[in-house]
Amino acid sequence: MLANLHVKNVAIIDEVDVDFGKHLNILTGETGAGKSILVGSIGIALGARVSSEMIGKYGDYALVEMVFQIEDEETKEALREMDVEPEEGQIIISRKITGNRSINKINGESVTVSVIRKVAALCLDIHGQHEHQSLLHKEYHLDVVDRFAGEEAASLRTQITTVYREYNKLVQEMEQEGSTAEERARELSFLQYEKKDIEDANLAEGEEEMLEEQVRKLSNASSIVEALGTVYEYTGDGLNGCASGISMALRQLGSVADLDEDLSAMQEELLNLENLLSDFNRELSDYMEDFTFDETELRQLEARLDLIRGCQSKYGRSYEDIMSYLEEISEKIDKFTDYEQYLENCEQKKREMEKTLDDLCGQLTEVRRQAAACLEAGITKQLTELKFESPRFQVRIQPLKAYTAKGKDDVEFLVATNPGAGLYPLGKVASGGELSRIMLAVKTVFADVDRIETLIFDEIDVGISGRTAQKVSEKMSILGKEHQIICITHLPQIAAMADTHFVIEKQTSGGETRTEIRCLTAAESEEELARMLGGAEITDAVLANAREMKKLAKDGK
């Protein structure tokens, strides 16, 4: 759910901070108070394009920040697949607009606008005259039907996706190999050359590192010999050597060691040092005797190293990569050597996969048709209750020519809202209020299966009144039991159903006008309802009417 909305310096909003509640949140206010700006701010946070004119006069940038509390485990998993990890169950989406540039972040990390849109689509849906109306997009309709169909559709789609990926890979491979006999002969000859080149190199794992060490050693032979000679001069038995100095020290210490036990212990330590130094000098001497420089050997090692690196430049950066490439070209050689058999095997495998896909897609189509029939009946019923006259809702399912990872169906929602009117795609419904009521009907039917936790309805009440408004309010209340609803309305029938009621107001101070929003107490909510019922003058009768409306709404829940 949307836990918090923070808006700073957007149009006439200086700074507002709103903590939304669960269930049904109602926003009311006078015309022109800034309700559309508030919803527009939410749109900005969700990735909508924004012009520099939206930056207010209270600073040089605009900021919108939304805090979502994610409860649904499937939504959390979907977010993790996008590398967005909810922190203590929360994600924070923020956009800072400065001139023609925007800074977009999720949980403090910079992201692209496209990532924000994808993440937001899992958390919130806006219905009204806005671009974030997921049900208007035809490509979303198939997913809606499958989600309504439940686990059976999900299981079939998973199986289809797995088989389709293998099938698509096979088809692409066959298309790539659709060459002439002459082209295949040239390819085979080249592959055989590469295979022989790699096999003749007789590469060994770890050989490159060993050769590099040997070449480095031999290339620096003179430096090594010179350094070791100097070391032996300082550690050996020569005039300046440590060994002769320690020997002299032992003689001096031995002449007095019997006079004090502490001196005896020191003599023992010095003897150990002499032994260690003697061992070191023997090892150093042996190394110097064995160390030889052979320029021919160095050239051979360098040539071998060049050969290995040549193979790496042609066939792979490492021994493992080259061996993998050798295995790959060996398979291709086998394929081209008996190409007809390869094609026959591919065709057989392709036919088997097509049979499997036909069977799975056929099952999924039947599941979709059954779900579509339930959807059509349920949504048509809801539209009737929302006072559409003779409405019709249709889920049109048509076969596609080719397989896809989602099956072989094209799905589109069609609606007719007036007697005798033809069925049209949802996206062609002109009226914003009419469209919002259609969305409300769809969402009511989906209340038990829709994972999107927060739904925003803007202009839900355009062109309706009386009994229709009452029905809309009842549907909103039902939907609010399973989702967080944020609804902007001008109708008291809808506002009376609020679990949390906010008022949006214009405040003028010092010649400047600002939009503010505040949460109403129960008494203040009744007063706001009275204002909506009676206009500027709120009489006792109007106030009593507001209280009665609030009581009836509470009893109706």
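No experiment lies behind these values; they were computed from the predicted model shown.

Points about the overall build of the protein chain
Assigned secondary structure in the protein chain consists of 18 helices and 15 strands. With the C-alpha coordinates of the protein chain rotated into their principal frame, the extents come out at 120 × 85 × 45 Å. Counting across all 557 residues of the protein chain, residues that qualify as buried make up 44%. Residue pairs in contact within the protein chain that sit at least 24 positions apart in sequence constitute 68% of those at least 6 positions apart. Roughly 29900 Å² of accessible area belongs to the protein chain as shown, and the carbon and sulfur atoms make up 48% of that amount.

As for helix α6 (residues 181-201)
Under the 1.5 Å per step criterion, the end-to-end length of α6 is 30 Å for 21 residues, consistent within 8% with the ideal 30 Å. Taken as a whole, α6 has its buried residues at R184, L188, L191, E194, D197, I198 and A201. The inward-facing, buried residues of α6 contact α11 (295-315), α12 (319-337) and α13 (339-385). One or two residues past the end of α6 sits N202, with phi positive at roughly 50°.

Description of the environment of R80
Along the chain, R80 falls in helix α2 (residues 73-81). Among the polar contacts made by the side chain of R80, one reaches the side chain of E85 at a distance of 3.1 Å.

So, the packing of aromatic side chains
Taken as a whole and judged by the stated rule, the model has 6 aromatic pairs. Between F20 and F502, the aromatic rings sit 5.4 Å apart at their centres with planes inclined by 70°, giving edge-to-face as the arrangement. One end of the pair, F20, is in the loop between β2 (13-19) and β3 (24-28); the other, F502, is in strand β14 (residues 500-509), with 482 residues separating them in the sequence. Taking the relative accessible area as the measure of exposure, F20 reaches 6% and is therefore buried.

Looking at the sheet that holds strand β9 (residues 392-404)
Read across the sheet, 3 strands follow the order β9-β10-β11 without closing on themselves; strand pairing throughout is antiparallel. Two strands lie at the open edges of the sheet, namely β9 and β11 (424-425), each paired on one side alone. The pairing of strand β10 (residues 407-416) with β11 spans 2 bridges and is classified as antiparallel. What sits directly across from V415, in β11, is Y424. Sitting on the sheet, helix α4 (residues 138-149) is in contact with β9 and β10, with an inclination near 105° to β10. In this fold α13 packs onto β9 and β10, with an angle of close to 165° to the strand it touches most, β9.

Quick look at the sheet that holds strand β6 (residues 101-106)
Taken together, 6 strands build an open sheet; the order of strands is β2-β1-β4-β5-β6-β7 and the sheet is antiparallel. Each edge of the open sheet is held by one strand with a lone partner, namely β2 and β7 (109-110). When β6 meets β7, the two strands line up antiparallel, connected through 2 bridges. Residue pairing in the sheet places K105 in a bridge with S110 of β7.

Comments concerning the confidence of the model for the protein chain
For the protein chain, per-residue confidence averages 84 on the pLDDT scale, and residues scoring 70 or more make up 93% of the total. Looking at the elements of the protein chain, mean pLDDT is at its lowest for helix α14 (residues 432-445), recorded as 73, and at its highest for β9, recorded as 93.

Brief notes about the packing of α6 against α11
Remark: α6 packs on α11, axes separated minimally by 11 Å, with the N-to-C direction vectors making an angle of 150°. Relative to α11, α6 is oriented so that their crossing is left-handed. Where α6 abuts α11, its residues Y193, E194, D197, I198 and A201 lie against R304, L307, C311, K314 and Y315. By residue class, the composition of the contact of α6 with α11 is 6 nonpolar, no polar and 4 charged.

Remarks on a negative patch on the surface
On the surface, E205, E209, E320 and D321 cluster together into a patch of negative charge. Mapped onto the elements of the fold, E320 is located in helix α12.

Overview of the packing of α11 against α12
It is at 10 Å that the axes of α11 and α12 come closest, and there the two elements cross at 55°. Here α12 runs oblique to α11, going by the angle between their axes. In this structure, α11 crosses over α12, and the sense of that crossing is left-handed. Contacts between α11 and α12 involve C311, Q312 and Y315 from the former and D321, I322 and Y325 from the latter. Of the residues assigned to the contact of α11 with α12, the class counts are 4 nonpolar, 1 polar and 1 charged.

With respect to α4
With 12 residues, α4 ought to run about 16 Å at 1.5 Å a step, and its terminal C-alpha atoms sit 18 Å apart, in line with that. Within α4, burial applies to Y140, H141, L142, V144, V145, D146 and R147.

Description of a nonpolar patch on the surface
A contiguous nonpolar surface patch, about 260 Å² in accessible area, is contributed by Y232, Y287 and M288. Counting through the fold element by element, Y232 comes out in helix α8 (residues 221-235).

Digging into the nonpolar core
The biggest cluster of nonpolar side chains holds 50 residues, and the ones touching the most others in it are F393, V395 and F457. The element that contributes the greatest number of residues to this core is α14, accounting for 6 residues. Formed by 42 residues, the second largest nonpolar core is a distinct cluster that contains A62, I97, I126 and I504.

Conventions used here
Residue indices follow the written sequence of each chain, beginning from 1 at its first position. Side-chain atom pairs in this predicted model are given and counted only at pLDDT of 80 or more, local residue features only at pLDDT of at least 70, and totals for whole chains, interfaces and linings cover all residues. Heavy atoms throughout the structure, all of them, feed into the side-chain values; hydrogens and water do not. Secondary structure follows DSSP: runs of H or I at least 4 residues long count as helices, runs of E at least 2 residues long count as strands, and numbering of each begins at the N terminus. The cut-offs for exposure are 20% and 50% of the maximum accessible area for each residue type, with area from a 1.4 Å probe on protein chains only; residues under the lower value are buried, those over the upper are exposed, and the others partly exposed. The criterion used for residue contact is that any of the two residues' heavy atoms lie within 4.5 Å. Using a 1.4 Å probe, the Shrake-Rupley method yields the accessible areas, and only the shown protein chains count as cover for residues. Given a helix with a known number of residues, its expected span is that number minus one, times 1.5 Å. Between N or O atoms, a polar contact is any pair within 3.5 Å; within protein, one atom must be a potential hydrogen donor and the other a potential acceptor, and residues adjacent in sequence are included only when both atoms are from side chains. Aromatic pairs are defined between Phe, Tyr and Trp rings, using the six-membered ring for Trp, whenever the two ring centres lie within 6.5 Å; interplanar angles under 30 degrees are classed as stacked, those over 60 as edge-to-face, and all others as tilted. Here, strands pair whenever DSSP counts at least two bridges between them. Axes here mean lines fitted to C-alpha atoms, for a helix over just the part in contact, with angles spanning 0 to 180 degrees between N-to-C directions. Every residue carries a pLDDT, the predictor's confidence in it, which falls somewhere between 0 and 100. Here a crossing is taken to be left-handed if its near helix is turned anticlockwise relative to the far helix by less than a right angle, and right-handed if that turn runs clockwise. Amino acids are sorted into nonpolar (Ala, Val, Leu, Ile, Met, Phe, Trp, Tyr, Cys and Pro), charged (Asp, Glu, Lys and Arg) and polar (every other residue, Gly among them). Patches in this entry comprise residues that are over 30% relatively accessible and not in a salt bridge; like charges within 9 Å are linked, as are nonpolar side chains (Val, Leu, Ile, Met, Phe, Trp, Tyr) within 5 Å. Put simply, a salt bridge is a Lys or Arg side-chain nitrogen that is within 4 Å of an Asp or Glu carboxyl oxygen. Working convention for charge: Lys and Arg count positive, Asp and Glu count negative, and His plus the chain ends are omitted. Where a charge lies is defined by one atom per residue type: Lys uses NZ, Arg uses CZ, Asp uses CG and Glu uses CD. An angle below 35 degrees is treated as roughly parallel, one above 145 as roughly antiparallel, one from 65 to 115 as roughly perpendicular, and anything else as oblique. Each nonpolar core is a collection of buried residues, namely Ala, Val, Leu, Ile, Met, Phe, Trp, Tyr and Cys, held together in the definition by side-chain atoms within 4.5 Å.

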